[in-house]
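# Breakdown of the fold
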Amino acid sequence: MIELKNLSKSFVTADGTVEALKDISLSINDGEIFGIIGMSGSGKSTLVRCINMLEKPTQGSVYIDEKNIGTLSSKQLRAERRNISMIFQGFNLLMQRNCLKNVLFPLELEGLKGEKAKQKARELLQVVGLADKEKVYPAQLSGGQKQRIAIARAIATNPRVLLCDEATSALDPQTTHSILSLIKEINQKLGITVVVITHQMSVVEEICDKVAILDNGEVVECGKVSDIFSSPKSKAAKQLVFPEGEQNILPRKENEHHIRVVFNGAVAAKTPFIANLAKNKGIAASILSASTKSIGKKAYGNILLEINADKTKIKEVTDYLNEFEDIFVEEVE
């Protein structure tokens, strides 16, 4: 388990002291995929660097398996970091080494050499789907392939924790999906605890079990992804979950109501809701905005409806829509 207790981090700059993190406490269970999300400047990258002590917290503690790693000596910390691997947006591969030798690098640092090391490196290339690229150099690879090599290198030392700092931000959507699927597969097969740092809610939706929302260095919301996605409470969470907001929507007239329908893995998303409301309930609805997508056979996203009706009819609408599993309905004030 990873436990962050009252973690704070400040930096002294020419313009004064900047508080990057403010009294953060989080618990991440073994084998979990935990997302930490926030807009630029929210402190999420500083937070992940504090987990492996690349940044020393100004205050507070980081416990991994009940061990306070902030109290370790330099030698002990280096040993502990073998259990905490990291992948980055920029891949950080050694350009003068081919793929096999990139994966071999951490094994060599641990003293594992020769054919035994090569055999393990080749097995890892097989795990990430690039067994045929062992003699290829990073410059010859696509972005997704580079990240796969980085993942193979990261898990070479059999870590207990994998930190992913904006690991898919430089990739296109299709490649992002394949990398996230690989990370999830590794999590399930090897039981590695994964911490995902991102500014993309779509990444959190696809892969994470739980998520913490960071805003201005503070955790403003934390919980199951499904709970926060369906009913965000904080302003920062609402901006991430519903980035389109309600901008450019005309002011409401009397008896005009805005209803948000959130699809959180709903299998009934192809049901003609609006047509059924008009046909069965005699209630007409207009779509003001929509942002939905399908993952597998399930739907995720939200639709904002405008309905001109009294409160009794609005309750009929929400009652009807709430009958469907994995659909959350709320009136937007």
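See above for the structure.
Everything numeric here is computed off the predicted structure, so don't read it as measured data.

In terms of helices and strands, the protein chain carries eleven helices and 14 strands. Along the first, second and third principal axes, the C-alpha atoms of the protein chain reach 75 × 50 × 35 Å. Split into buried and exposed, the 333 residues of the protein chain put 49% on the buried side. Partitioning the contacts of the protein chain with sequence separation of at least 6, the portion at a separation of at least 24 is 68%. For the protein chain, the computed accessible surface area is about 16800 Å², with 47% contributed by carbon and sulfur atoms. Each charge class in the protein chain can be summarised by its mean position, and for the 43 positive and 41 negative side chains these summaries are 8 Å apart.

The subject of this paragraph is a negative patch on the surface. A cluster of like negative charges, contributed by Glu19, Asp23, Asp215 and Glu218, occupies part of the molecular surface. Among the secondary structure elements, Glu19 is positioned in strand β2 (residues 16-28).

In the contact formed by helix α3 (residues 99-109) and helix α4 (residues 114-127), the axes pass within 9 Å of each other and the chain directions differ by 120°. The pairing of α3 with α4 is recorded here as oblique in orientation. Crossing angle aside, the handedness with which α3 passes α4 is right-handed. Residues Leu100, Val103, Leu104 and Leu107 of α3 form the contact with α4, whose participating residues are Ala117, Lys118, Lys120, Ala121, Arg122, Leu124 and Leu125. Considering only residue class, the contact of α3 with α4 consists of eight nonpolar, no polar and three charged.

A few words now on the pairing of strand β7 (residues 161-165). Across the five residues of β7, five count as buried, placing the element largely inside the fold. Here β7 shows a buried face lined by Val161, Leu163 and Asp165 and a second buried face lined by Leu162 and Cys164. Where strand β6 (residues 84-88) meets β7, five bridges bridge the pair, whose relative direction is parallel. Following the sheet pairing, Ile87 is matched in β7 by Cys164.

The full count for this structure, using the stated rule, is zero disulfides. Cysteine Cys50 remains unbridged, with the sulfur of Cys222 as its closest cysteine sulfur at 17 Å. Its sulfur unpaired, Cys164 is 9.0 Å from the next cysteine sulfur, which belongs to Cys208.

Time to look at the sheet that holds strand β9 (residues 210-215). In sheet architecture, strand pairing relies on hydrogen bonds along the backbone and comes in two forms, parallel and antiparallel. Strand order across the open sheet formed by six strands is β6-β7-β8-β3-β9-β10, with mixed pairing between neighbours. The open sheet has two edge strands, β6 and β10 (218-224), and neither has a second partner. Along the sheet, successive strands turn relative to each other by an average axial angle of 15°, direction set aside. Its contacts with the sheet put helix α1 (residues 44-51) on β3 (33-37), β6, β7, β8 (193-198) and β9, and the angle it makes with β8 is roughly 155°.

Moving on, we come to the packing of helix α10 (residues 273-281) against helix α11 (residues 311-321). Axis separation between α10 and α11 bottoms out at 12 Å; the angle between their running directions is 130°. Taken together, α10 and α11 sit at an angle that is classed as oblique. Our pair here, α10 against α11, has a crossing hand that is right-handed. The residues of α11 that touch α10, namely those facing Phe273, Asn276, Leu277 and Lys281, are Lys313, Glu316, Val317, Tyr320 and Leu321. Residues of the contact of α10 with α11, tallied by class, amount to five nonpolar, one polar and three charged.

Bringing the pairing of strand β1 (residues 2-13) into the picture now. The pairing of β1 with strand β4 (residues 59-64) spans five bridges and is antiparallel. The residue bridging Glu3 from the neighbouring strand is Tyr63, located in β4. Pairing analysis gives nine bridges linking β1 to β2, with the strands arranged antiparallel. By the bridge assignment, Phe11 is partnered in β2 with Val18. The hairpin formed by β1 and β2 contains two residues between the paired strands.

Here we come to the side chain of Asn98. Within the fold, Asn98 resides in the loop between β6 and α3. At 3.2 Å, the side chain of Asn98 forms a polar contact with the backbone nitrogen of Leu100. A distance of 2.8 Å separates a polar side-chain atom of Asn98 from the backbone nitrogen of Lys101. Discounting residues that sit within four places of it in the chain, Asn98 has contacts with Glu134, Lys135, Val136 and Tyr137.

With 53 residues, the main nonpolar core has Ile87, Ile149, Ile151, Ile183, Val194 and Ile213 as its most contacted residues. Residue contacts for Ile183: discarding those within four places in its chain leaves Ile87, Ile151, Cys164, Val194 and Ile207. Grouped together as the second largest cluster of nonpolar side chains are 27 residues, Val48, Ile64, Met86 and Ala212 included.

All of the buried residues in α3 are Cys99, Leu100, Asn102, Val103, Leu104, Pro106 and Leu107. Of the surrounding secondary structure, the elements contacted by the buried residues of α3 are α4 and α5 (143-154). Capping of α3 at its N-terminal end is provided by Asn98; its side-chain oxygen lies 3.2 Å from the backbone amide nitrogen of Leu100.

Moving on: α5. Its twelve residues give α5 an end-to-end C-alpha distance of 16 Å, which sits within 8% of 16 Å, the value for a rise of 1.5 Å per residue. Listed in full, the buried residues belonging to α5 are Gly144, Gln147, Arg148, Ile149, Ala150, Ile151, Ala152, Arg153 and Ala154. Looking at the packing, one finds that the buried side of α5 touches β6, α3, α4, β7 and α6 (173-190).

Criteria and cut-off values
Residues numbered from 1 in each chain as written. Predicted model: local features only at pLDDT ≥ 70, side-chain atom pairs only at ≥ 80, totals over all residues. Heavy atoms only, no water. Helix = DSSP H or I, 4+ residues; strand = E, 2+ residues; numbered from the N terminus. Buried < 20%, exposed > 50% of the residue type's maximum accessible area, 1.4 Å probe, protein only. Contact = heavy atoms within 4.5 Å. Areas by Shrake-Rupley, 256 points an atom, 1.4 Å probe, with all protein chains shown as cover. Lys, Arg positive; Asp, Glu negative; His and termini not counted. Charge placed at Lys NZ, Arg CZ, Asp CG, Glu CD. Patch = residues over 30% accessible without salt bridge, like charges linked within 9 Å, V, L, I, M, F, W, Y side chains within 5 Å. Salt bridge = Lys/Arg side-chain N within 4 Å of Asp/Glu carboxyl O. Axes fitted to C-alpha atoms, helices over the stretch in contact; angles between N-to-C directions. Parallel < 35°, antiparallel > 145°, perpendicular 65-115°, else oblique. Left-handed = near helix turned anticlockwise from the far one by under 90°. Nonpolar A, V, L, I, M, F, W, Y, C, P; charged D, E, K, R; others polar. Pairing = 2+ DSSP bridges. Disulfide = S-S within 2.5 Å. Polar contact = N/O pair within 3.5 Å; in protein donor to acceptor, adjacent residues only side chain to side chain. Core = buried A, V, L, I, M, F, W, Y, C linked by side-chain atoms within 4.5 Å. Expected span 1.5 Å × (residues − 1).

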